[in-house]
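Remarks on the overall topology
Single-letter residue listing:
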Amino acid sequence: MRGLGIEAVLDRVWCFCVIFKFIFGGFWIIIVVKVCWFGFEGGLWGLPGFWRRVGCMCDYVVLPLLNSSFEPGRAREVVEGFVDVDLRNIARAELFYFTGQAEECCEITRRYLSSRVIELKLSACILYGYSNLSLGNVAAAKRGMEGIQSCVKIAMKKKVPKDVYASCLLAGYVGAVLLHLPTDGMPAFGEYSRMLPEGLRLFATYVMAHHTYLNGEIWSAYGMGKAALFMAERSYPISMTYIHCMMAVCAINRKHKQEAQEEMLRRWELAKMDGFLEPFIEHHGLLRGLIEACIRNRDPEAYQRITEGVISFSRGWMALHNPENRRKVTGELSTMEFSIAMLASGGWTNKEIGEHLGISINTVKHYLTDIFCKLNVKKRDELKKFMLK
C-alpha cells in the first residue's frame, strides 16, 4: 500500500467497507467507515494523522520538493525518489513550476484541488494559483487562492492537529503576502512556524521576511533571512533561493549594490543547476535591475527565458492588482524598461542607474524618454502609480 498514495488507499478502504457491509451487515461497520474516512481528530483534517499513527504510509507534507534537502542539481532525482504516487505528482508539479513550466504544473495540480488530504490540497492550490497567474489566467489563479482561504477558515474553526494548522497558516500567508494582499484577520504565524519541518520553516521565514519588507522594515527583513540561513542544519535549495532573493531585494532597496549583487550571484550559480528560474521571475521588479546587471551578459539564454516569464507573470499580476494600467505596463514596457522605471521611481539618478546596469547615462536617458512616452507621463514621480513598492 505504500506506493499507492492516500487517495488510492481511501478508495480501497471505502470499497472494502461497502463489500463487508453487503456480506455481513451489522451496525459496527458504520464505526469502521467513520474511523477510516474521518480519522480521530474530527473531519477529513484528522486523516493524515490517522494514517501516520497506524503506520500505513509516509507522512504527508505541503510542497514536498520545497521541503526536501538535496544537493543542487539533483532536484529531478529527488522527485522520482518519492515512493508515494501523490507526493511524487505534487513534487513533479513543483519542479515544473519552479523551472518555469506553468502549463505542465497546472495539468497535475488541477486534479488535486478537491483532494481529501489537506496537505495535497494546499500544495495543489498554491501551485495552481501561482502557475495560472504566470499564464495570465486570473480567474483560475483566484480559484487556487480561494481554495487556500477555505482551508484556512475551516482550520480556524475546527480542532485540527497543530502541524496541519501551521501548514494551513503558511499557505494562507503565501496566498496573501506574496501577492501583496492584506492579511487582516489571519492569526499571527510566528508561534506555529516551529511546528513545520525545516524546509517549510525556512520558506515560512522567507514569507514573513517578505511581509516585513512590505511593511517598510527593510533591514529587519534582511536580518530574518540572514539568521534563518545561519541556523539551517541542512541545504534546502528552493527555500534558500527565495531567502537569498529577498535579501538581495532588501540590499538593493537601500542601494547596497555590491552586497545585493553578491547575494544574487551566489544563489543564481546554484539555482541554475536545477533550472530554478521562477524565484527570479517572481522577484524581477523588486530586484530593481539586479537580474539585468548579474545575469543578462553572463547567461543570455537563461536571461531570455527569465524575461519571457517576467512578461507573462507581470500580466497576471497587473490584471489582479491594477487592471486599468495592465495594458500600458505589461504590453508596452520591456523587462529592461520596467527595471529602469522601478529604479527611477525609487529615486535613483541617471548616473546611478547607468553604473548599476552597466550602460551609459545617455542610454538611460533614451530609455526614460521611451518609458515616459509609452506610459504617457512627464516626470519620475508619476511612474510610482505603475510600479511595485
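Residues numbered from 1 in each chain as written. Predicted model: local features only at pLDDT ≥ 70, side-chain atom pairs only at ≥ 80, totals over all residues. Heavy atoms only, no water.

This next bit is on the overall build of the chain. Of regular secondary structure, the chain possesses 21 helices and zero strands. Once local pairs closer than 6 in sequence are excluded, the contacts in the chain between residues at least 24 apart make up 67%. Summed over all atoms, the accessible surface of the chain reaches about 17300 Å², with 54% contributed by carbon and sulfur. (Helix = DSSP H or I, 4+ residues; strand = E, 2+ residues; numbered from the N terminus. Contact = heavy atoms within 4.5 Å. Areas by Shrake-Rupley, 256 points an atom, 1.4 Å probe, with all protein chains shown as cover.)

With that out of the way, let us pick up the pattern of salt bridges. Inspection of the entire model under this criterion finds eight salt bridges. The partner of Glu-263 in a salt bridge is Arg-266, and the shortest N-O contact between them spans 3.3 Å. Pair noted here: Glu-263 and Arg-266 are both in helix α14 (residues 257-271), with a separation of three residues, about one helical turn. (Salt bridge = Lys/Arg side-chain N within 4 Å of Asp/Glu carboxyl O.)

Our next topic: the side chain of Glu-282. Structurally, Glu-282 is set in helix α15 (residues 278-282). For the buried Glu-282, which has no salt bridge, the nearest side chain bearing the opposite charge is Arg-305, at an N-O separation of 13 Å. A polar atom in the side chain of Glu-282 sits 2.5 Å from the side chain of Tyr-97. Once you skip the residues sitting within four places of it in the chain, Glu-282 turns out to touch Tyr-97, Tyr-242 and Phe-313. (Buried < 20%, exposed > 50% of the residue type's maximum accessible area, 1.4 Å probe, protein only. Lys, Arg positive; Asp, Glu negative; His and termini not counted. Polar contact = N/O pair within 3.5 Å; in protein donor to acceptor, adjacent residues only side chain to side chain.)

Relative to each other, helix α19 (residues 335-345) and helix α20 (residues 350-357) sit at 135°, their axes nearing to 10 Å. Here α20 runs oblique to α19, going by the angle between their axes. With respect to the hand of their crossing, α19 and α20 are arranged in right-handed fashion. Every residue of α20 that contacts α19 at Met-336, Ile-340, Leu-343 and Ala-344 is listed here: Ile-353, His-356 and Leu-357. (Axes fitted to C-alpha atoms, helices over the stretch in contact; angles between N-to-C directions. Parallel < 35°, antiparallel > 145°, perpendicular 65-115°, else oblique. Left-handed = near helix turned anticlockwise from the far one by under 90°.)

Among the secondary structure elements, Thr-335 is positioned in helix α19. With a relative accessible area of 9%, Thr-335 lands in the buried category. Counting along the chain gives 51 residues from Thr-335 to His-284, while the straight-line C-alpha distance between them is 8.5 Å. In contact with Thr-335, other than residues within four places in its own chain, are His-284, Glu-292, Tyr-303, Thr-307, Val-310 and Ile-311.

A few words on the confidence of the model for the chain. Segments scoring low in pLDDT should not have their predicted coordinates read at a detailed level. Taken residue by residue, the chain gives an average pLDDT of 85. The fraction at 70 or more is 82%. Taken together, the stretch residues 18-24 has pLDDT below 50 and engages in four contacts with residues farther than four places along the chain or on a different chain. Confidence drops under pLDDT 50 across residues 26-57; counting only partners more than four residues distant or on other chains, this segment forms 64 contacts. (pLDDT = per-residue confidence, 0-100.)

As enumerated under the stated definition, the model contains zero disulfides in all. Here Cys-125 is not cross-linked by a disulfide; its sulfur's nearest cysteine counterpart is in Cys-151, at 5.7 Å. (Disulfide = S-S within 2.5 Å.)

The subject of this paragraph is helix α11 (residues 198-214). Compared with the 24 Å implied by 1.5 Å per residue over 17 residues, the 24 Å span of α11 between its first and last C-alpha is a close match. Positive backbone phi, approximately 90°, marks Gly-216, located one or two places after α11. (Expected span 1.5 Å × (residues − 1).)

The next point concerns empty space enclosed by the protein. Per the counting criterion, the structure on display carries four cavities of 30 Å³ or more. Estimated volume of the second largest cavity: approximately 100 Å³. As for the second largest cavity, its lining consists of Leu-63, Leu-66, Tyr-97, Phe-98, Ile-126, Leu-127, Tyr-130, Val-174, Leu-178, Phe-203, Tyr-242 and Glu-282. Breaking the lining of the second largest cavity down by element, the ones donating at least two residues are α5 (85-98) and α7 (118-134). Among the elements that make up the lining of the second largest cavity, the one with the highest residue count is α7 (three residues). Here the lining of the second largest cavity is composed, by residue class, of eleven nonpolar, no polar and one charged. (1 Å grid on protein atoms, 1.4 Å probe; cavity = no way out; pocket = protein on both sides within 12 Å on 5 of 7 lines; lining within 4 Å. Points joined across faces, edges and corners; volume = space filled by probe spheres on them. Nonpolar A, V, L, I, M, F, W, Y, C, P; charged D, E, K, R; others polar.)

A few words on the nonpolar core. In terms of nonpolar packing, the biggest core is built from 128 residues, with Tyr-130, Val-207, Tyr-213, Ile-306 and Ile-371 touching the most fellow members. The biggest single contributor to this core is helix α13 (residues 237-253), with twelve residues. (Core = buried A, V, L, I, M, F, W, Y, C linked by side-chain atoms within 4.5 Å.)

Note: α-helices contain 3.6 residues per turn, so residues at a spacing of three or four share the same orientation. The element α19 is extensively covered by neighbouring structure, given that eleven of its eleven residues are classed as buried. When we look at burial in α19, the residues that qualify are Thr-335, Met-336, Glu-337, Phe-338, Ser-339, Ile-340, Ala-341, Met-342, Leu-343, Ala-344 and Ser-345. One or two positions beyond α19, positive phi appears at Gly-347, with a value near 95°.

The next point concerns unusual backbone geometry. Positive phi is not limited to glycine here, since Leu-63 has a value of about 50°. Tracing the chain through its elements places Leu-63 in the loop between α3 (47-54) and α4 (75-80). Taking the relative accessible area as the measure of exposure, Leu-63 reaches 4% and is therefore buried. The backbone of His-180 sits at a positive phi, close to 60°, despite the residue not being glycine. Checked against the element boundaries, His-180 lands in the loop between α9 (162-177) and α10 (190-193).

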